[in-house]
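Observations on the three-dimensional arrangement
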2 protein chains.
Amino acid sequence: MTLTDVAVKVGVSPITVSRALNRPEKVTDELRETILEAINELGYVPDFAARALASRNSNTIGVLSSMLGSSIFPPVMKGIEDRMRNSGMRIQYVNTSFCAEEEIRLLKEFFAQNPAGIMIGGVQVDPRVTDLLRQAPCPVIQFIDISYPAIDMAIGVDNRAAGKVAIDHLLAKGYRRIGFCSGRVDIPVTMRLESYKERLTQEGLYNPDLVISVSAENPLSLGGEILDRLLAAEPDLDAVLCSHDDLAIAVLFECQRRGIDVPYQLGVCGFSDIDYSAYTVPSLTTVRMPLYRLGYSAANMILRVNEGRKHTEPVDLGFELIERDSTRRDTQ
Amino acid sequence: MTLTDVAVKVGVSPITVSRALNRPEKVTDELRETILEAINELGYVPDFAARALASRNSNTIGVLSSMLGSSIFPPVMKGIEDRMRNSGMRIQYVNTSFCAEEEIRLLKEFFAQNPAGIMIGGVQVDPRVTDLLRQAPCPVIQFIDISYPAIDMAIGVDNRAAGKVAIDHLLAKGYRRIGFCSGRVDIPVTMRLESYKERLTQEGLYNPDLVISVSAENPLSLGGEILDRLLAAEPDLDAVLCSHDDLAIAVLFECQRRGIDVPYQLGVCGFSDIDYSAYTVPSLTTVRMPLYRLGYSAANMILRVNEGRKHTEPVDLGFELIERDSTRRDTQ
DNA sequence: TTGTACGCGTTATCAA
DNA sequence: TTGATAACGCGTACAA
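Residues numbered from 1 in each chain as written. Chains lettered and ligands numbered in written order. Predicted model: local features only at pLDDT ≥ 70, side-chain atom pairs only at ≥ 80, totals over all residues. Heavy atoms only, no water.

**Focus on the overall build of chain A**
Regarding its fold elements, chain A presents 12 helices and 12 strands. For chain A, whose C-alpha radius of gyration is 25 Å, the value lies well above the compact-globule estimate of 20 Å for 332 residues. Counting only residues that meet the buried cut, chain A has 54% of its 332 residues in that class. A sequence separation of at least 24 residues applies to 69% of the contacts in chain A between residues at least 6 apart. (Helix = DSSP H or I, 4+ residues; strand = E, 2+ residues; numbered from the N terminus. Rg over C-alpha atoms; globule rule 2.2 N^0.38 Å. Buried < 20%, exposed > 50% of the residue type's maximum accessible area, 1.4 Å probe, protein only. Contact = heavy atoms within 4.5 Å.)

Quick look at the structure:
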């Protein structure tokens with residue numbers, strides 16, 4: 001079932017059918033309707049590859065990220081899809097590992113598709129990846145973090161500022177011996193950590209032994225390890241700032257198991273405000289990132305480029321400290 | 001940068017370069033090496049669309065599911081990608097809504113890509129969707145549930161049997177007034193629910209008012225509603241079987257808030273064994289589904305079809321009751 | 001083992 | 001407003 005079949009049925013040339021679909025305004029209303037009817041009757045669906053080859057544009061937007069399987073991704077994904085629906089664009093999700101070689105391979109492969117845009121999550125630090133992105137044959141949006149110089153467009157959160165708000169909150173609540181734990185140390189984590197170091201150093205409270213990085217298939221399994229390591233370094237530990245809500249919740253659960261009183265004995269704070277955070281007991285204080293809007297707006301920016309309206313300035317979506325029970329104690 | 005550019009550089013015809021890539025055994029070792037070198041030097045990457053058009057095969061495998069954003073999907077995704085890596089196949093994830101019209105549209109659009117295979121999660125009940133899948137131009141694997149007749153291939157879990165194991169466990173633990181709550185009622189849920197009804201009816205314990213369905217953007221928010229509705233129907237409720245761990249955990253959290261003693265006052269059991277389930281306090285009894293293997297094996301089945309080795313029988317991956325603290329009480 | 005000729009289904013370009 | 005022709009980059013079929 002091809003364009004030609006439709007054309008024959010209607011008695012026009014294939015290019016007219018093509019136009020009826022792609023540039024409806026260039027075909028008489030009447031003819032267009034006849035054509036669309038025929039298309040419906042015959043069940044014609046345009047061939048994706050032929051279109052991409054002839055027009056040198058696949059109408060495909062790649063979403064490359066190492067977090068596709070993470071708990072923060074679903075709302076981002078929903079935002080992207082809500083905006084892209086009926087835009088004629090296809091979305092191609094690509095999981096990236098943390099290996100630069102692999103990412104380069106994936107990017108090159110993706111470029112071979114004549115993509116209409118790339119959304120890349122997190123910011124790659126390897127200069128080869130950065131170079132490749134700079135030469136991308138399509139608009140590139142980096143999302144999640146904007147405290148780092150952008151390659152093309154960028155949207156997200158100023159993680160340095162978010163980190164400062166979190167650590168300031170813990171200090172305001174009277175916590176003094178505060179640990180920092182993260183999973184893999186990527187750019188957002190680095191930015192949050194810098195604020196942590198800076199503020200605690202200012203207060204004369206910084207202890208490098210209280211900064212730890214942990215990893216496992218399942219972040220929820222790390223609660224015990226985090227507490228063990230931090231308490232070994234500082235038996236009087238009174239708070240933990242976690243780079244992600246998953247880890248913070250792991251700590252909350254472990255505190256319950258050990259009978260550690262949160263927030264009085266130990267304050268706990270995370271980042272992101274995932275679905276679980278409002279409902280744990282005690283509920284988790286966190287810095288909320290507007291994840292749905294992140295996806296929606298990033299998609300919007302890509303689509304806007306085609307209309308010639310391109311954001312050149314990084315878009316700061318802001319964040320919000322959500323104070324909940326895991327740090328809600330009387331100021332000492 | 002095209003095949004021809006490489007061919008010119010090496011001094012052969014384009015088709016030879018094509019063969020060096022796709023049928024390496026049909027080209028002299030020496031020549032092949034020269035060609036591969038040139039490809040590397042020039043940074044040539046095959047054009048995806050041209051390939052798909054000429055060969056009438058996009059080497060793309062679609063993963064269509066309404067659960068791409070759910071907490072059970074990440075391990076499935078990882079399994080799929082681990083198996084597909086270096087297979088030359090591309091994976092296209094497509095979020096389906098629960099609307100049949102929309103799914104039909106998405107399927108037709110996807111068929112226009114000359115796909116190499118389709119993995120479709122959950123089983124669609126609409127006959128139009130089923131018909132469309134039966135006429136698919138590629139192998140189709142239904143995954144997640146196999147207690148329903150398969151269209152082509154199927155892999156997953158017998159949810160009817162899993163439901164029976166769960167309800168039997170609750171009965172064995174002495175629970176008698178057992179509620180069932182689910183989110184959207186899809187095929188797996190229906191199957192689990194049937195076992196629940198059947199067993200409780202056998203025991204003379206079935207009460208239709210204790211079967212409820214709830215929904216919200218965030219399943220974690222539903223703990224209060226679930227308990228309210230079930231307790232209103234049966235003030236002496238002593239257990240809840242949830243169609244998914246997310247909901248069960250929402251119930252656990254709400255019990256903590258209300259001071260309801262789990263497992264003594266109320267037993268709680270879920271399905272899937274997601275990352276959180278082993279670490280909540282109390283930990284959650286659940287029926288573990290081999291999600292990683294589900295993805296890996298489904299991908300494997302698709303790839304095997306090309307080698308002419310096709311599973312026609314549904315593949316039952318089995319499941320396992322994981323008894324944890326949310327039902328661990330002395331049998332009464 | 002390598003090459004020639006052609007076709008895949010669509011769109012760009014230019015002409016009518 | 002519509003059409004003829006060529007091209008997109010690659011793979012198939014067959015020939016050398």
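**Considerations on the UniProt feature "domain: HTH lacI-type" (unreviewed entry) in chain A**
Residues annotated by UniProt as "domain: HTH lacI-type" (unreviewed entry) correspond here to residues 1-55 of chain A. End C-alpha atoms of residues 1-55 of chain A are separated by 20 Å, and the span's content is 71% helix alongside 0% strand. (UniProt positions renumbered as here; feature names shortened; annotations may be inferred.)

**Topic: the sheet that holds strand β8 (residues 239-242) of chain B**
Residues and elements named next belong to chain B. Strand order in the open sheet formed by six strands is β7-β6-β8-β9-β10-β12, with mixed pairing between adjacent strands. Each edge of the sheet is formed by a strand with only one pairing partner; in this case those strands are β7 (211-213) and β12 (320-322). In this sheet, adjacent strand axes meet at a mean angle of 20° when their direction is disregarded. Bridge analysis of β8 against strand β9 (residues 267-272) gives three bridges, and the strand direction is parallel. Across the sheet, residue L241 finds its bridge partner in β9, namely C269. (Pairing = 2+ DSSP bridges. Axes fitted to C-alpha atoms, helices over the stretch in contact; angles between N-to-C directions.)

**Points about the protein's contact with DNA strand D**
Around DNA strand D, the surrounding shell holds 24 residues, and the nearest of these are T16 and R19 of chain A together with L3, S18 and Y44 of chain B. T28 of chain A is positioned with one of its side-chain polar atoms (N or O) 2.7 Å from a phosphate oxygen of DNA strand D. When contributions to the surface near DNA strand D are tallied by element, the ones reaching two or more residues are α2 (14-22) and α4 (48-55) of chain A together with α2 (14-22) and α4 (48-55) of chain B. Counting residues per element, the surface near DNA strand D draws most heavily on α4 of chain B, which supplies four residues. (Near = heavy atom within 4 Å. Polar contact = N/O pair within 3.5 Å; in protein donor to acceptor, adjacent residues only side chain to side chain.)

**A short note on the protein's contact with DNA strand C**
Near DNA strand C, the surroundings consist of 25 residues, among which L3, S18 and Y44 of chain A together with T16 and R19 of chain B are the closest. The sugar-phosphate portion of DNA strand C accounts for 64% of its atoms within 4 Å of the protein, the bases making up the rest. N22 of chain A is positioned such that a nitrogen or oxygen atom in its side chain is 2.6 Å from a phosphate oxygen of DNA strand C. Separating a phosphate oxygen of DNA strand C from a backbone N or O atom of S13 of chain B is a distance of 3.1 Å. Counting residues per element, the ones that place at least two in the surface near DNA strand C are α2 and α4 of chain A together with α2 and α4 of chain B.

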